[in-house]
Amino acid sequence: MSLSADRALPAVGSKPAAPADRTPVLELSNIAKTFGGAVALAGVSLDVLPGEVHGLLGKNGSGKSTLVKILAGFHAPDPGGAMMVNGEAATLPLKPGDFRRLGLSFVHQNLGLIPSLTVLENLRLSSLTASGRARIDWAAERRAAREALSRFDLPLHIAERVDRLGPVDRALLAIVRAFEDIRTEIEATGRPGLILLDEPTPFLPGAGVEKLFALMRSIADRGSSVVFISHDIDEVMAITDRVTVLRDGRVAGSLVTAEASHEAVVELIVGRSLVRSAPRAVAETKARPVRVALEGVAGRRLQPCSIAVGRGEILGLTGLIGSGYEEVAYLAFGATRAKGGTLALDGGTPIPLSELSPRRAIDHDLALLPGDRQAASGVDSLSILDNMFLPDVDRFFRGGRLDHAGMRREARVLGESFEVRPNDPFLKLSALSGGNAQKVLIARWMNRKPVLLLLDEPTQGVDVGTRQQIFAALRAAAAEGMSVICASSDAEQLAEISDRVLIFAKGRIVQEIAGEAISKDHIAAATYASLDDKDGAGADTRMQEQMR
Ligand SMILES: Nc1ncnc2c1ncn2[C@@H]1O[C@H](COP(=O)(O)OP(=O)(O)OP(=O)(O)O)[C@@H](O)[C@H]1O
């Protein structure tokens, strides 16, 4: 597992100065935060201009979330820092009443919507709770909610329950609500507001991201500002006016996006340049003996289909959300009950998937890394060590006693080889940044050297440098014979690691791309081509349905 460290970065730096006539919406000076001796932020200074979409980038653990949590009043910073909002000094930590007054609003990764409530209730919740009125004028509330949606041309029905909305509409709703929460203040004072979006885009399909960007641009066009945190460099290059990159709790540099190249931004994030690996040749992928055979596997949306994976092959699965590809890993592991189908390993007796459980799958040397890291994958309240060895703690029993020293040693070695930072086996998983927690969970499964590793969005929330480490580790394990099925909506990721990619539409496999024919553009084009009608009609409508 190695990154190409071709050259050290030149000192990049100084933040582009704000034009003298434009008071920044947000100005941070020397913001620092230490957790029990560990430095998360070492004095960060940055500014955000009115009407600007400002990207905040950085490796896993570089301090982005800590900075957002300080701005959101969740953490108190260390003494010595200062914050100005529209030229006015603000005292940190901010208190609940301060956010609206200052025109600050947040959309966190989980979006903060209440699924069991309607669009109307979610939109108006904070204004209703803030007003303290005894009676609610629902006609006025409905009017206000419709206005809020039509302000940004959002065709949502106000009576729809949020748990019935698709991921794109939920993200759009969360952003409109964030703007709505500060709109009255913006209009009353004439001062711009600021919305901070902490990675709202993972899992959203391409067309959904475009809608989100249109909404962000529309907020900026009204004079307010957006801070956008993302690991997707292409997205950041497409939507932001400037970017600030954090590295090791410091500002590594700020750039005007239009003047910066993709490579320059990557170098600023990682601190060195990255070399991408080339896809393997078709001949290499064709020669593999079949190791894993899924026959007639069927799920909720997935129609009966058969998938064979070669020894040492990395097979990518993709399509639009809802096309069925996202079910395969869970069906093959027995985590979701299959409607039919069998799994055979190394030409052995086929196992009916309807009888497979995760426990049996683990006994057969299968491993699954679910996409929902927080809910389904790791246990936040347990230590790194516990999370690493949860599935196979048995092997550390010696004469009826648990070999704690052996566990500790192995956890350290494993953490080192996956570059978990900080590499302290006794830290709780919750104390790690999102990307570092993901490394722990990938390390856990790869350490078992499974026959088949099933991955769902393995690098979601993982920085550009760590992605390369994970890809390299997967390739090295595949070279030793491990087979991999990787489901992802990220065409770039699939292009980098896959020997073959299967494209799904409406529950079926509609295309296979292999070897040198694999590219990000080819995968993306095939995904969207799958929507085309033979008669050319209805594609747009269905795309909209699938996107929601
Ligand atoms: N509550 C906490 N206790 C101890 N350390 C923490 C805590 N929160 C964050 N840290 C540490 O502070 C550093 C910065 O973490 P932070 O979550 O801000 O990074 P990040 O840039 O948001 O990363 P990611 O992209 O992975 O989400 C990390 O080393 C992390 O382990």
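Residues numbered from 1 in each chain as written. Predicted model: local features only at pLDDT ≥ 70, side-chain atom pairs only at ≥ 80, totals over all residues.

In the nomenclature of an unreviewed UniProt entry, the protein chain is known as Sugar ABC transporter ATP-binding protein of Jiella pelagia. The Sequence similarities (unreviewed entry) comment attached to the protein chain in UniProt states, word for word, "Belongs to the ABC transporter superfamily." (UniProt positions renumbered as here; feature names shortened; annotations may be inferred.)

1. Comments concerning the overall build of the protein chain
Within the protein chain one finds 19 helices and 22 strands. Taken over 548 residues, the protein chain has a buried fraction of 44%. Taking the contacts inside the protein chain whose residues are at least 6 apart along the sequence as the reference set, 71% of them involve residues at least 24 apart. (Helix = DSSP H or I, 4+ residues; strand = E, 2+ residues; numbered from the N terminus. Buried ≥ 20, exposed ≤ 12 C-beta atoms within 10 Å, placed from the backbone. Contact = placed C-beta atoms within 7 Å.)

2. Concerning the packing of helix α15 (residues 434–447) against helix α16 (residues 464–479)
Contact pair α15 / α16: the axes reach a minimum separation of 11 Å and the direction vectors enclose 5°. Relative to α16, the element α15 lies roughly parallel. Contacts between α15 and α16 involve Gly435, Lys439, Ile442 and Met446 from the former and Thr466, Ile470, Ala473 and Ala477 from the latter. (Axes fitted to C-alpha atoms, helices over the stretch in contact; angles between N-to-C directions. Parallel < 35°, antiparallel > 145°, perpendicular 65-115°, else oblique.)

3. What about the site of the ligand?
Not every one of the 18 residues close to the ligand is listed here, only the nearest: Ala40, Asn60, Ser65, Thr66 and Ser433. Partitioned by chemical class, the residues of the shell around the ligand number five nonpolar, 11 polar and two charged. Two domains share the shell around the ligand, each providing at least three of its residues, namely domain 1 (26–270) and domain 2 (379–448). (Near = placed C-beta within 6 Å. Nonpolar A, V, L, I, M, F, W, Y, C, P; charged D, E, K, R; others polar. Domains from an automatic or database assignment.)

4. A closer look at the sheet that holds strand β15 (residues 351–352)
Ordered by their spatial adjacency, four strands build an open sheet running β12-β11-β14-β15, and the pairing between neighbours is antiparallel. Sheet topology places β12 (305–310) and β15 at the edges, where each strand pairs with a single neighbour. In terms of strand pairing, strand β14 (residues 340–345) meets β15 through two bridges, oriented antiparallel. When the bridges of β15 are listed, Thr342 appears paired with Pro352. (Pairing = 2+ DSSP bridges.)

5. Comments concerning the domain arrangement of the protein chain
Per the domain assignment, the segments of the protein chain are domain 1 (26–270) and domain 2 (379–448). Distance from the C-alpha centre of domain 1 to the C-alpha centre of domain 2: 34 Å. At the interface, four residues of domain 1 touch six residues of domain 2.

6. Thoughts on helix α1 (residues 64–71)
Along an α-helix, residues three or four positions apart point the same way, because every turn accommodates 3.6 residues. The buried count for α1 comes to seven of eight residues, which makes it a mostly enclosed element. Of all the residues in α1, the buried ones are Lys64, Ser65, Thr66, Leu67, Val68, Ile70 and Leu71.

7. So, helix α14 (residues 404–417)
Along its 14 residues, α14 runs 20 Å from first to last C-alpha, staying within 8% of the 20 Å computed at 1.5 Å per residue. Here α14 has its buried residues at Ala411, Leu414 and Gly415. Buried residues of α14, seen end-on, are gathered within an arc of 100° and therefore sit on one face of the element. The outward face of α14, more than 90 degrees from its buried face, is lined by the exposed residues Ala405, Gly406, Arg409 and Glu416. Phi for Glu419, located one or two positions after α14, is positive at around 50°. (Expected span 1.5 Å × (residues − 1). Arc of directions from axis to C-beta.)

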